[in-house]
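Analysis of the macromolecular model
So the chains spell out like this:
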Amino acid sequence: VEMPDVIDALEFAFAARLEGQRGRNGLFADVYFVDFKGDDKSYDLAGSIPGQVVVQGQLAATILEVGGIYNPSGTGKGLSVLYGARMFDLDVGVDGAYDFDDGTTEGRSYDVNKALWDALIGVRYVGEFSDRWLYDFKVDASAAGTDLAWTALAGVGWAYGAERQHAIVVGYRYMQIDFKETTDRGIEVASEVQLGGFYGAFKFGF
């Protein structure tokens, strides 16, 4: 049974990034936590068995990215190549109640609680509209523990401070994670997690 949008209500989200660069090379660490919970949703059963399934899902995910930066300009601006590793600590659960047309009901639960490690590669571009207004774009992809995970981000910021080393940034971030898991009943469950939304952040430079 294909069940789209089982989990779609955001409870809480938090993100933080630490980055340092000397010359053309640098290091970064990025942590991202989200907590979702979905309301009860009904789907028609496919195939020859008529009826409906009522499901409720929940998702908690901690995403950690660590790696290196290569910035040809050596200034942090312009094009940079990002490389490293991405870890997903996923806790996904779906509870289903199958209501068949003959009046019988059967309940099932599907749970995934594991850490997945990916190799990560991406590019980022940081530019300036003026000495105070900046913008950035980032696209990356990773795979190994997941079938594929990718992120796209775009933001604009206003810089302040004596050397314009701090900034207030707003933008939009989207991530998609595709992975498969076999339950203890031998059932393969394919999951597609989509995380997207607007964000606001403070950047502190030293």
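Higher on the page you've got the structure.
All values reported here derive from a predicted model rather than from experimental measurement. (Residues numbered from 1 in each chain as written. Predicted model: local features only at pLDDT ≥ 70, side-chain atom pairs only at ≥ 80, totals over all residues. Heavy atoms only, no water.)

Here's the deal with the side chain of Arg 124
Looking at where Arg 124 falls in the secondary structure, it is placed in strand β6 (residues 105-128). There is a polar contact of 3.0 Å between the side chain of Arg 124 and the side chain of Glu 19. Discounting chain neighbours no more than four positions away, the residues touching Arg 124 are Arg 17, Glu 19, Ile 69, Gly 78, Leu 79, Ser 80, Leu 82, Phe 137 and Lys 138. (Helix = DSSP H or I, 4+ residues; strand = E, 2+ residues; numbered from the N terminus. Polar contact = N/O pair within 3.5 Å; in protein donor to acceptor, adjacent residues only side chain to side chain. Contact = heavy atoms within 4.5 Å.)

As for the packing of aromatic side chains
This model, assessed by the stated rule, comprises 7 aromatic pairs. Relative to Tyr 135, the ring of Phe 129 lies with its centre 4.7 Å away and its plane at 40°, an arrangement referred to as tilted. For Phe 129, a relative accessible area of 59% puts it in the exposed group. Centroid distance Trp 158 to Tyr 160: 5.9 Å. Interplanar angle 20°. Geometry classified as stacked. Classification of Trp 158 by relative accessible area gives partly exposed; the value is 32%. Residue classification places Tyr 160 among the partly exposed positions, given a relative accessible area of 25%. (Phe/Tyr/Trp six-rings, centres within 6.5 Å; stacked < 30°, edge-to-face > 60°. Buried < 20%, exposed > 50% of the residue type's maximum accessible area, 1.4 Å probe, protein only.)

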